[in-house]
Amino acid sequence: METGKHLTITNKGTQKPPGWMVWLWRILRIILGTIFIYASAEKIINPDQFAYAISNYKLLPGELINFFALFLPWMEAVVGIFLIFGLFEWVSLTIFNVLMIVFMAAITISLARGLNISCGCFTSDPNAEKMTWLTLLRDSSILILSLAVYPLLFRLRRPPFLKKQ
Amino acid sequence: MISLEAKKWIIHQLYGLIIISLLSIFLALSSNSLRKEPVPWIDKPHILKAGDSFPYVPLPTTKMSGDLTYLGLPQNKEMVTIEDIQADLLVLEVLNAFCFPCQTQALSLSKVYKMIEKNPELKGKIKILGVALGNTKEVVEGFMKDYELGFPVIPDPTARGEKIIGPGIHTPFSLFIKRDAQGKLRFVAATHNGAIDDPQTVFRGLVAILKLKPGIANTENLFEKVK
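These figures come from a predicted structure and were not determined experimentally. (Residues numbered from 1 in each chain as written. Chains lettered and ligands numbered in written order. Predicted model: local features only at pLDDT ≥ 70, side-chain atom pairs only at ≥ 80, totals over all residues. Heavy atoms only, no water.)

1. Structural notes on the pattern of salt bridges
All names here are of chain B. This model, assessed by the stated rule, comprises 12 salt bridges over all chains. For E148, the salt bridge is made with K114, and the minimal N-O distance between the two is 3.3 Å. Here E148, found in the loop between α3 (137–146) and β5 (153–156), pairs with K114, found in helix α2 (residues 100–118); they are 34 residues apart in sequence, far enough to count as distant. Note that D180 is salt-bridged to R186, the shortest N-O span being 2.8 Å. Classification of D180 by relative accessible area gives buried; the value is 12%. R186 gets classed as buried once you look at its relative accessible area, which sits at 6%. (Salt bridge = Lys/Arg side-chain N within 4 Å of Asp/Glu carboxyl O. Helix = DSSP H or I, 4+ residues; strand = E, 2+ residues; numbered from the N terminus. Buried < 20%, exposed > 50% of the residue type's maximum accessible area, 1.4 Å probe, protein only.)

Structural data, given as structure tokens:
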């Protein structure tokens, strides 16, 4: 068996990770990157609409809304591209997770406050379907996926100071 | 002690963070400047003016005073927005029960309300909603009784409405809200600051605003007295 062969190699101490792991990481980071690029596309085209969607959350002071409406979609797009091409994998994945947590916190606060607003997650249109707890469920499944790839990253791109002496 | 390798790794990650942030800001700057109408990076809060879109504000129906069926609001919904109001033109009147010009305005609006309700062509198309900045529910109910206001008024004891409509507004302040291109009742077609003592003038102005094409704002003064 192929996996067995790889395992014997690693056991000998060559540090070479098994091929399936490398491929799993490649596939997962392309999936995560595509999610972010897909989510950013419409917001990049209509930052004014996205600004309106952000203002509906009533979380940011008025002066900062436009800045985030312009900056966040491009941040998503750049992180998505970096993940797909495997550039700065640690930073890209961590920004991905931080953004996901921030978005989910905003959704949770708004749902708890009883705001009947659209999410502005995958579309910038503030008149789109209103968000529900299902929106949060969808986001948490993405977050679980993106958190679950950390062990892979630890195995494949182990920071040098964590290496066994 | 941090080893040299670890330092290198951390610096590499910091480079990544800086590159991602700068690249995003650069792309956002350049894409925004390529737009026909660039979005201002910093938008200072301002008093709502003709042409603006009324912000999304949830309003608790339980705290409103007066006849809510008049507004055509959906039943058994605790939180509504002005978009839920069934009208082609909504007059949002910001006032305070103790300000003298507001009392003048209330007198003429109460007559305008009766004129609209008697007019079969305008009944149901033009609706009035008051917002009483800094007034409690008791004060608002007394005020409505004194001035025979047929339309509902929202008591706003903490003056939250001032933050939404514009910091530093002077009452009475009227917002004339029409439907936007998407058919949502949130397009500020005109505004007016100050009292108008002649109900006929108000009525004529309202009809003129109602006749405006959708999405067209009026910045001229429609409420000048006809001599």
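Here the narrative resumes, following the displayed structure.
2. Considerations on a positive patch on the surface
On the surface, a cluster of positive charge is made up of K58(A), R113(A), K63(B), R160(B) and K163(B). With respect to the element layout, R113(A) can be found in the loop between α5 (89–112) and α6 (133–148). (Patch = residues over 30% accessible without salt bridge, like charges linked within 9 Å, V, L, I, M, F, W, Y side chains within 5 Å. Areas by Shrake-Rupley, 256 points an atom, 1.4 Å probe, with all protein chains shown as cover. Lys, Arg positive; Asp, Glu negative; His and termini not counted. Charge placed at Lys NZ, Arg CZ, Asp CG, Glu CD.)

3. Considering the interface of chain A and chain B
Between chain A and chain B, the contact holds 30 residues from the first and 35 residues from the second. Buried surface at the junction of chain A and chain B, both sides included, amounts to about 3000 Å², of which 70% is carbon and sulfur. Considering only the side of chain A, the residues that lose the most area to chain B are L70(A), W74(A) and F88(A), jointly responsible for 19% of the buried surface there. Counting across the chain A and chain B interface gives 1 salt bridge. R35(B) is the salt-bridge partner of D48(A), the closest N and O atoms lying 3.5 Å from each other. Here chain A and chain B share 3 residue pairs in polar contact (both at pLDDT 80 or more) between them. Secondary structure elements with two or more residues in the side of chain A that touches chain B: α3 (47–56), α4 (62–85) and α5 of chain A. (Contact = heavy atoms within 4.5 Å. Buried area = accessible area lost by both parts, 1.4 Å probe. Polar contact = N/O pair within 3.5 Å; in protein donor to acceptor, adjacent residues only side chain to side chain.)

4. Some details on the nonpolar core
Counting 60 residues, the largest nonpolar core has F54(B), I85(B), L175(B), I177(B) and L206(B) as its most contacted members. Within the residue set of this core, elements represented by two or more residues are β3 (89–95), α2, β4 (126–133), α3, β5, β6 (173–179), β7 (185–193) and α5 (199–211) of chain B. Beyond its immediate chain neighbours, meaning those up to four positions away, L206(B) contacts L89(B), V91(B), V112(B), I116(B), I126(B), F176(B) and F223(B). Counting 47 residues, the second largest nonpolar core, distinct from the first, contains A51(A), A106(A), I117(A) and V149(A). (Core = buried A, V, L, I, M, F, W, Y, C linked by side-chain atoms within 4.5 Å.)

5. Quick word on the packing of aromatic side chains
In this structure the tally under the stated criterion is 11 aromatic pairs over all chains. Residues W90(A) and F154(A) carry aromatic rings whose centres are separated by 5.0 Å and whose planes lie at 85° to one another, so their mutual orientation is edge-to-face. You can see W90(A) sitting in helix α5 and its partner F154(A) sitting in helix α7 (residues 150–156), a full 64 residues away along the chain. Arranged with centres 6.1 Å apart and planes meeting at 65°, the rings of Y113(B) and F151(B) form a pair that is edge-to-face. Residue Y113(B) is located in helix α2, and its partner F151(B) is located in the loop between α3 and β5; the two are separated by 38 residues in the primary sequence. Ring pairing ties together the aromatic residues W90(A), Y150(A), F154(A) and W9(B), which thus form one cluster. (Phe/Tyr/Trp six-rings, centres within 6.5 Å; stacked < 30°, edge-to-face > 60°.)

6. Some thoughts on the sheet that holds β6(B)
In a beta sheet, neighbouring strands are held together by backbone hydrogen bonds and run either parallel or antiparallel to one another. All names here are of chain B. Strand order across the open sheet formed by 5 strands is β5-β4-β3-β6-β7, with mixed pairing between neighbours. Unpaired on one side and paired on the other, β5 and β7 mark the two borders of the sheet. Taking the axes of each pair of neighbouring strands and ignoring which way they run, one obtains an average angle of 20° across the sheet. Contacts between α5 and the sheet are confined to β3, β4, β6 and β7, with β6 contributing the most and set at about 30° to the helix. (Pairing = 2+ DSSP bridges. Axes fitted to C-alpha atoms, helices over the stretch in contact; angles between N-to-C directions.)

7. With respect to the confidence of the model for chain A
Residue and element names in this part refer to chain A. Chain-level statistics for chain A give a pLDDT mean of 84 and a share of 88% at 70 or above. Element-level pLDDT for chain A is lowest in helix α1 (residues 2–11), with a mean of 46, against a maximum mean of 93 in α5. Note on residues 1–13: pLDDT is under 50 here. Beyond four places in sequence and across chains, it has 8 contacts. (pLDDT = per-residue confidence, 0-100.)

8. Brief notes about the state of the cysteines
A covalent bond between the sulfur atoms of two cysteines is referred to as a disulfide. All names here are of chain A. For the coordinates displayed, the defined rule picks out 2 disulfides over all chains. Covalently, C119 is tied to C121 through a disulfide, its sulfur atoms 1.5 Å apart. With respect to burial, C119 and C121 carry one shared label: buried. (Disulfide = S-S within 2.5 Å.)

9. Observations regarding the pairing of β4(B)
All names here are of chain B. Among the 8 residues that make up β4, 8 are buried, leaving the element largely enclosed by the rest of the structure. Residues I126, I128, G130 and A132 point to one face of β4 and K127, L129, V131 and L133 to the other, with burial holding for every one of them. As defined by bridge partners, β3 adjoins β4 across 7 bridges and the pair is classed as parallel. In the strand pairing of β4, L90 is matched with K127. For the crossover from β3 across α2 to β4, the handedness is right-handed. Across 4 bridges, the pairing between β4 and β5 is parallel. Within the sheet, the bridge partner assigned to V131 lies in β5 and is I154. Viewed along the sheet, the connection from β4 through α3 into β5 turns out right-handed. (Right-handed = clockwise from strand over helix to strand, strands pointing away.)

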